[in-house]
Amino acid sequence: GHPKPRKALCDSSHAPAMAAKAEAARAEAANAEPRSDSADNEGGKLPIFFVENPDGTINSIAGANSIAPPPANPRLWCHHCNTQLEYAAGASYVQCFLCRTMNAVMTGNQVGGRTMNMLCTVCSTSNLAPWGTALVRCGQCNTVSDVTHIYATTGGAR
């Protein structure tokens, strides 16, 4: 059901037809008067990005005055013991150093999410998933398991 995410590319070799458009856009950006509300970026030039569709076609160009870097030291609070945890940007899960609870990193939430550990019924691989997930795909054999029965039987216990 969900559309595949688009990839941002900075290399015009993927789309020769778009290269001319990109050069025109770069030239236009270079010749444009600098805006007073933006910081000087490489002498007023805007970085240009190509957007690749899931089928490999490129039909979009994007530019930005600035791209905000990810937080240098992202942090969240353990959902079990309320200890503040620092983790590497891009991590999906963080284990609390104090109580050893696994916390799911959830965008826009400062508290770690509850997780569940599901054993694959086919290959017995342990798979970690955020609590509330209906389907879990095994990382080893790709078997998809319906785990909704867990929520009805546990009564929300930790």
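I will try to describe carefully the structure that is included in this document. All residue numbers refer to positions counted from 1 along the written sequence of the respective chain. Reporting in this predicted model follows two pLDDT cut-offs: at least 70 for local features of residues, and 80 or more for side-chain atom pairs to be given and counted; totals over whole chains, interfaces and linings ignore these cut-offs and use all residues. Heavy atoms from the whole structure form the basis of all side-chain values; hydrogens and water molecules are not counted.

**Focus: unusual backbone geometry**
Part 1 of the reasoning: With phi around 65 degrees, Asn82 is a residue other than glycine that occupies positive phi space.
Part 2 of the reasoning: Here Asn82 is to be found in the loop between β4 (75-77) and β5 (84-86).
Part 3 of the reasoning: Each residue is assigned to one of three classes by its accessible area relative to the maximum for its type, calculated with a 1.4 Å probe on protein chains only: buried under 20%, partly exposed between the two thresholds, exposed over 50%. In this structure Asn82 comes out as exposed when scored by relative accessible area, which is 52%.
Part 4 of the reasoning: At Asn142, a residue that is not glycine, the phi angle is positive and equals roughly 65 degrees.
Part 5 of the reasoning: Starting at the N terminus, helices and strands are each numbered in turn, a helix being any DSSP run of H or I of at least four residues and a strand any DSSP run of E of at least two. Within the secondary structure, Asn142 is located in the loop between β10 (135-137) and β11 (144-146).

**Some points on the environment of Phe50**
Part 1 of the reasoning: Here Phe50 shows up in strand β2 (residues 48-52).
Part 2 of the reasoning: Since its relative accessible area comes to 0%, Phe50 is described here as buried.
Part 3 of the reasoning: Taking the C-alpha atoms as reference, Phe50 lies 6.0 Å from Ser60; in sequence the two are 10 residues apart.

**Quick look at the nonpolar core**
Part 1 of the reasoning: By convention a nonpolar core is built from buried Ala, Val, Leu, Ile, Met, Phe, Trp, Tyr and Cys residues, the set being connected through side-chain atoms within 4.5 Å. Leu76, Cys78, Leu85, Tyr87, Val94 and Cys96 together form the largest nonpolar core, which totals 6 residues.
Part 2 of the reasoning: Here, two residues are considered to be in contact whenever any of their heavy atoms come within 4.5 Å of each other. Sequence-distant contacts of Cys78, that is, excluding residues within four places in its chain, are made with Thr83, Leu85, Cys96, Cys99, Thr101 and Asn103.
Part 3 of the reasoning: Grouped together as the second largest cluster of nonpolar side chains are 5 residues, Met118, Ala129, Val136 and Val147 included.

**Concerning the pairing of strand β8 (residues 115-119)**
Each regular strand carries side chains that alternate between the two faces of the sheet.
Part 1 of the reasoning: Judged from the 5 bridges that link them, β8 and strand β9 (residues 126-130) form a sheet pairing that is antiparallel. Pairing of Met118 across the sheet is with Asn127, part of β9.
Part 2 of the reasoning: Think of it this way: DSSP has to see at least two bridges between two strands before they count as a pair. Between the end of β8 and the start of β9, which pair antiparallel, lie 6 residues, with Ser124 showing a positive phi angle near 65 degrees.

**Notes on the environment of Cys120**
Part 1 of the reasoning: Looking at where Cys120 falls in the secondary structure, it is placed in the loop between β8 and β9.
Part 2 of the reasoning: Separated by 17 residues in the primary sequence, Cys120 and Arg137 have C-alpha atoms spaced 8.5 Å apart.
Part 3 of the reasoning: Sequence-distant contacts of Cys120, defined by excluding residues within four places in its chain, comprise Thr125, Asn127, Cys138, Cys141 and Thr143.

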